[in-house]
Structures are given as C-alpha cells and as structure tokens.
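Observations on chain architecture
In case you want the letters, here they are:
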Amino acid sequence: PRLPDKRIMAGYYRPPILVSRIKFEKYDKDSSGYIELDELKSVLYDMGMRTSETDILGALLVLDKAKDGRVSYEEFQEWYRGREKRVDALTLTEDSQRVLSQAVAFFKYYDQDMSGEIDREEFRPMYDRLRKEWQAVGNEVGSLDDVLSSFDRNGDEKISLEEFAQWLMDAGCIYVQTAAD
C-alpha cells in the first residue's frame, strides 16, 4: 500500500472545505454562525480591498443570497471556492459604487442619532418624503406601519442599513454589479 504524502502526515495539507471553514470562523468574531456587516470589513481588508462603508455593504449584498442581512457559512463557502474570481466578485463597478454611495448617504440623512438604524420616529419624515414622491408618479402608498414593516426584515421596528439596501434592491431602485458580472 502507498503511504500518505509527508505533508498530510505533518498536518500541512488542509482540504479546501476545511480552509473555508477556518477562514469563516476567523471572520465570524462573535461566533454567531454568520458574518455580519461589521465583520465583513476584515474579509475585504485581508484581501487588500477597499473597506469603505459602501464597499462593505456592496460585498454583503453580493454574498447574502438569502437576503437576511448576513453571510452564512454556505454563502461564504460558495464565494470562497471561486479562487480566481474572489476579488472581482466583490469589486463593485463605478456605477454601482456611486448608486450605493447615494443610498448610504440617504440612509444616514434620516439616521439622526447616528445609531446605524432608523427607528420609527426617524422613519416618519422618510415615509412622508417617499409617500409624496410615490403618489406624484401614481403609486399607491400603504400606511406608515405597512411601509416600515416592508423595510424591516427582522421585525425589530428599526431599519438597518442592510435592510434598507436590500429593500432598494428588491424594489429595483438600485442594482449591484461587480467586476465579475
């Protein structure tokens, strides 16, 4: 019988699936089983990519296939397996960068207490503005509660930046295109 390679015997060899699990756990700093927006910055930094708020949000929107505002191990592993295109898969085009940057600025304008979330009181002026704009083009608008719940995916009655951006994508208001597309 053939003896195993010396590297395997010495513990140097790591199957690709194990490497992706080790990397995932490195970035999942709170051991929640997910990489959240604040943890995603380390992923981009380690890859030598820009780590602006827009870049990080764009990476989340690309990786988060379940649209739950976080990256599961399965989503991370799918991306991590694409060795040659890892950076391209997370590098936004100039147009996407610009549009997402505007969305972040819009969100921050209404996040008056700079908490990273828009609560019900902060949402009211946003709702009034959106209602006027939507009605001006003939769209029907639900109540404040209905519109707030359409943004609020986790039901905490606050809108996070991730929820806001995902809502804009789902509504067709923004798109995220990467260098790999």
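Residues numbered from 1 in each chain as written. Predicted model: local features only at pLDDT ≥ 70, side-chain atom pairs only at ≥ 80, totals over all residues. Heavy atoms only, no water.

Scanning the protein chain for helices and strands turns up ten helices and four strands. Counting from the amino terminus, helix and strand elements in the protein chain follow one another as α-α-β-α-α-β-α-α-α-β-α-α-β-α. Taking 181 residues into account, the globule formula puts the C-alpha radius of gyration at 16 Å, and the protein chain, at 20 Å, lies well above it. Along the first, second and third principal axes, the C-alpha set of the protein chain runs to 75 × 30 × 25 Å. When the 181 residues of the protein chain are sorted by exposure, 38% land in the buried category. (Helix = DSSP H or I, 4+ residues; strand = E, 2+ residues; numbered from the N terminus. Rg over C-alpha atoms; globule rule 2.2 N^0.38 Å. Buried < 20%, exposed > 50% of the residue type's maximum accessible area, 1.4 Å probe, protein only.)

This brings us to the environment of Val 99. Residue position: Val 99 is located in helix α7 (residues 94–110). For the pair Val 99 and Val 176, spaced 77 residues apart in sequence, the C-alpha separation works out to 8.6 Å.

The full count for this structure, using the stated rule, is 15 aromatic pairs. In this structure an aromatic cluster arises from ring pairing among Phe 106, Phe 107, Tyr 109, Tyr 110, Phe 123, Tyr 127, Trp 134, Phe 151, Phe 164 and Trp 167. Arg 70 extends its terminal NZ or CZ atom over the ring of Tyr 34, reaching a point 3.5 Å from the ring centre. When the ring centre of Tyr 80 is taken as reference, the NZ or CZ atom of Arg 86 above it lies at 3.7 Å. (Phe/Tyr/Trp six-rings, centres within 6.5 Å; stacked < 30°, edge-to-face > 60°. Lys NZ or Arg CZ within 6 Å of the ring centre and 35° of its normal.)

With that settled, consider helix α10 (residues 161–170). Quick reminder: α-helices carry 3.6 residues per turn. Residues three or four places apart thus point the same way. Burial runs high along α10: eight of the ten residues are buried. Lining the buried residues of α10 we find α3 (37–46), α4 (53–63), α7, α8 (120–136), α9 (144–151) and β4 (159–160). (Contact = heavy atoms within 4.5 Å.)

Keep in mind that these numbers describe shape and distance, not what the molecule does.
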